[in-house]
Amino acid sequence: MAAIWAGIDAGKTHHHCVAIDESGRRLLSRRIANDEPELLELLTAVLALGDEVSWGIDLADGGAALAIAILLNHDQVVNYISGRAIHRASESYHGEGKTDAKDAAVIADQVRIRRDLHPLRAGDETVTDLKILTGRRMDLVADRTRTVNRLRAQLTGIFPGLERALDLTNKGPLTLLTGYQAPAAIRRLGAKRLETWLRNRKVLRADQLAATAVEAAERQHTSLPGEKLTAQMVHTLAKEVILLNEQVAELDKLIEARFRDHQHFEVITSMPGLGTILGAEFLAATGGDMAVFGTPDRLAAFGGVAPVPRDSGKISGNLRRPQRYNRRLQRVLYTSALFSIRKSEESRRFYDRKRAEGKRHTQTALALSLPGRPRILAFCREVCRHTAARVRPPQIPRTRRELVGGRSWWMKALGARERHLDQSAVMNHP
């Protein structure tokens, strides 16, 4: 029996699997439920078709998590292909129709043809937990942002002066709005009693907040339509923001406790701009295994902070920002770059030098986000080298002199012609 390639078009409730041989002929096409007994039956049926099976799937988590776990537990090679890649590849096949069977066949054929796919691996338990925790934190922060925006809109409708004077991301103003929302109520209470009310609720700088609120109330004596009902909504939204703040704070503690269990915790958190939260998100976005990328250049390409060439014919040297990259990793790298400008003298000098050369803020921050910080590059380089050698633990450089191999080529990216980056090998990383 020969080699077999199997493609799985994954879904929430059902998957469709197609197995082909080396000539592309379909040997099996089956729709199966996302349930362990049926997945095991499918595995048995496919393994009976050949001696060696290579699997492909278009999801790396979610509804495909059970199928991937079963295949990896049975020592099967599972390659991930993004849905966008499958959609584009389908255009080169016969027919315009789209079915689950056709998508599964395209996945199987792409696994048979391509040599640049990265196999999925069983994730580290710590990294898996960090993915869950940081994902939940992102949801809570997004909910908090939406709630604060709604709160601002409602408060502006009845008391625009107070909305303009308060920072609704702080606990003190939110506590104030849980008790008093209308200018008439704040005027009746007065500055002294409002200050006492705030102090009893452990609000910092209660005197300043009370004075600000009373001053805003003295400037508005007009009662607006719907003020009573809107005040109730402001009260409810303020409590929701406070609750979301408490949930985010509690989740931050869980993330830090879990992140400390990772072997690279001390190294990652020692880098300028990468603290506990961003460091945990960095591991969650990269999967925690730097060896998957092979080189720091590929990591930069995967994070969307490396340029890609756009040359044709006699036109050469054109660079543009990539369109296919991991948005989550880019956000982590970009945000950490902004922090490093404030905390690291070396990063600040790099930023000032590029700005003096006429580069825009976004260009400079992207250049600094990974390639401009040699300690992160050296960390990635040493982890990749250690994984390949499997001889000794990586020695993480902590100073400029200890850097192995110097800085990345990206240090010359702003203002010099770039060499080609092979992105295809990293864009399929989950």
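Residues numbered from 1 in each chain as written. Predicted model: local features only at pLDDT ≥ 70, side-chain atom pairs only at ≥ 80, totals over all residues. Heavy atoms only, no water.

## Looking at the pattern of salt bridges
Let me state the cut-off plainly: When a carboxyl oxygen of Asp or Glu lies within 4 Å of a side-chain nitrogen of Lys or Arg, that pair is called a salt bridge. Think of it this way: any DSSP run of H or I at least four residues long counts as a helix, any run of E at least two long counts as a strand, and we number them from the N terminus.
In this structure the tally under the stated criterion is 15 salt bridges. The partner of R258 in a salt bridge is D129, with the nearest N and O atoms 2.7 Å apart. Residue R258 is located in helix α11 (residues 227-259), and its partner D129 is located in helix α5 (residues 125-158); the two are separated by 129 residues in the primary sequence.

## Things to note about the packing of aromatic side chains
Here is the rule we go by: Classification of ring pairs uses Phe, Tyr and Trp, with its six-membered ring standing for Trp, and accepts pairs whose centres are within 6.5 Å; under 30 degrees between planes counts as stacked, over 60 as edge-to-face, and the remaining range as tilted. In this scheme, the term charge over a ring applies when either NZ of a lysine or CZ of an arginine sits within 6 Å of the ring centre and within 35 degrees of the ring normal.
Per the counting criterion, the structure on display carries two aromatic pairs. Its guanidinium or amino end placed over the ring of Y325, R327 lies 4.0 Å from that ring's centre, counting from NZ or CZ.

## Observations concerning the nonpolar core
Buried together is how nonpolar side chains tend to be arranged in soluble globular proteins. Test applied: Among buried residues, the Ala, Val, Leu, Ile, Met, Phe, Trp, Tyr and Cys ones that are joined through side-chain atoms within 4.5 Å form a nonpolar core. Burial classification: accessible surface area is computed with a 1.4 Å probe over protein chains only, and a residue below 20% of its type maximum counts as buried, one above 50% as exposed, and the rest as partly exposed. We call two residues in contact when some of their heavy atoms are within 4.5 Å.
Within the largest apolar cluster, 32 residues are counted, with the highest numbers of intra-cluster contacts made by L151, F159, L162, L177, I186, L194 and L198. Elements with a contribution of two residues or more to this core: α5, α7 (171-179), α8 (183-189), α9 (191-200), α10 (206-218) and α11. With seven residues, the top contributor of residues to this core is α10. Apart from the residues lying within four places of it in its own chain, the contact partners of L162 are L155, L177, I186, A213 and A216. Counting 30 residues, the second largest nonpolar core, distinct from the first, contains I268, A280, L299 and A300.

## Some remarks on the packing of α5 against helix α13 (residues 276-286)
Defined as follows: For helices, the fitted axis covers only the stretch in contact; all axes are lines through C-alpha atoms, and the angles between them, taken along N-to-C directions, range from 0 to 180 degrees. Any angle that falls under 35 degrees is termed roughly parallel, while one over 145 is termed roughly antiparallel, one within 65 to 115 roughly perpendicular, and all others oblique. Handedness of a helix crossing follows the sense of rotation of the near helix relative to the far helix, less than a right angle counterclockwise being left-handed and clockwise being right-handed. Residue classes follow a fixed rule: Ala, Val, Leu, Ile, Met, Phe, Trp, Tyr, Cys and Pro count as nonpolar, while Asp, Glu, Lys and Arg count as charged, and any other residue, Gly among them, counts as polar.
Their axes nearest at 8 Å, the elements α5 and α13 cross at an angle of 120°. Taken together, the axes of α5 and α13 are oblique relative to one another. Like other packed secondary-structure pairs, α5 and α13 cross with a definite hand, here left-handed. When α5 is examined against α13, the residues V127, L130, K131, T134, R137 and M138 are found in contact with a partner set consisting of I277, A280, E281, L283 and A284. Among the residues forming the contact of α5 with α13, the class breakdown is seven nonpolar, one polar and three charged.

## Looking at the confidence of the model for the protein chain
To be explicit about the condition: Every residue carries a pLDDT, the predictor's confidence in it, which falls somewhere between 0 and 100.
Confidence in the prediction of the protein chain, expressed as mean pLDDT, is 84, and 86% of residues score 70 or more. Below pLDDT 50 for its whole length, residues 388-430 participates in 104 contacts with residues either more than four positions away or in separate chains.

## Concerning the pairing of strand β2 (residues 14-20)
As a reminder of what qualifies: Here, a strand pair is defined by DSSP locating no fewer than two bridges between the strands.
Summarising burial for β2: six of the seven residues are buried, a large majority. Two strands pair when backbone bridges link them, and strand β1 (residues 3-9) and β2 are joined in this way by five bridges, in the antiparallel orientation. Bridging across to β2, A6 finds its partner in A19. Judged from the seven bridges that link them, β2 and strand β3 (residues 26-33) form a sheet pairing that is antiparallel.

## Topic: a negative patch on the surface
To keep it simple, the criterion reads: Like charges are joined within 9 Å and nonpolar side chains (Val, Leu, Ile, Met, Phe, Trp, Tyr) within 5 Å, but only among residues with over 30% relative accessible area and no salt bridge; these make up the patches. Throughout, the Shrake-Rupley method with a 1.4 Å probe supplies accessible areas, and for residues the shown protein chains are the sole cover considered. In this charge count, Lys and Arg are treated as positive and Asp and Glu as negative; neither His nor the chain ends contribute. For the purpose of locating charges, the reference atoms are NZ of Lys, CZ of Arg, CG of Asp and CD of Glu.
Negative charge collects at one region of the surface, where D35, E36, E38 and E41 lie side by side. Topologically, E36 is positioned in helix α1 (residues 36-47). Take E36: its relative accessible area is 41%, and that puts it in the partly exposed class.

## Here's the deal with the side chain of E195
Its place among the elements puts E195 in helix α9. Exposure remark for E195: the relative accessible area of 17% places this residue in the buried category. Discounting chain neighbours no more than four positions away, the residues touching E195 are A206, D207 and A210.

## Quick word on empty space enclosed by the protein
To keep things clear, this is the line we draw: Buriedness of a pocket was judged along seven lines, with at least five required to meet protein on both sides within 12 Å; pockets are open sets of points on a 1 Å grid over the protein atoms alone, cavities are sets where a 1.4 Å probe fits but cannot get out, and lining residues have an atom within 4 Å of a point. Grid points are joined across faces, edges and corners, and a volume is the space filled by probe spheres set on the points.
Across all of its chains, the model carries one cavity of 30 Å³ or more by this definition. Volume-wise, the largest cavity comes out at about 50 Å³. Taken together, I8, L39, L42, L43, W55, A67, I70 and L71 make up the full set of residues lining the largest cavity. Where the lining of the largest cavity is concerned, the elements lending two or more residues are α1 and α2 (65-73). A class-by-class count of the residues in the lining of the largest cavity yields eight nonpolar, no polar and no charged.

## Side note on the sheet that holds β3
In spatial order, the strands read β3-β2-β1-β4-β5; together these five strands make up an open sheet with mixed pairing. At either end of the open sheet lies a strand with only one pairing partner, and these are β3 and β5 (77-80). Between one strand axis and the next, the sheet turns through 20° on average, direction left out of account. The sheet contacts of helix α4 (residues 100-113) involve β1, β2, β3, β4 (52-57) and β5, and relative to β1 the element is tilted by about 135°.

## Topic: helix α3 (residues 83-90)
Put simply, the test is: Taken from the helix axis, the directions to the C-beta atoms give the arc we talk about.
Every buried residue of α3 is accounted for by A85, I86, A89 and S90. Seen along its axis, α3 keeps its buried residues to an arc of 135°; they face one direction. Summarising the contacts, the buried residues of α3 are in contact with α4.

## Some thoughts on α9
When we look at burial in α9, the residues that qualify are L194, E195, W197 and L198. Across the axial projection of α9, the buried residues extend over an arc of 160°, all falling on one side. Opposite the buried face of α9, by more than 90 degrees, sit the exposed residues K192, R193 and N200. Its buried side turned inward, α9 meets α7, α8 and α10. Positive backbone phi, at 60°, marks K202, one or two positions downstream of α9.

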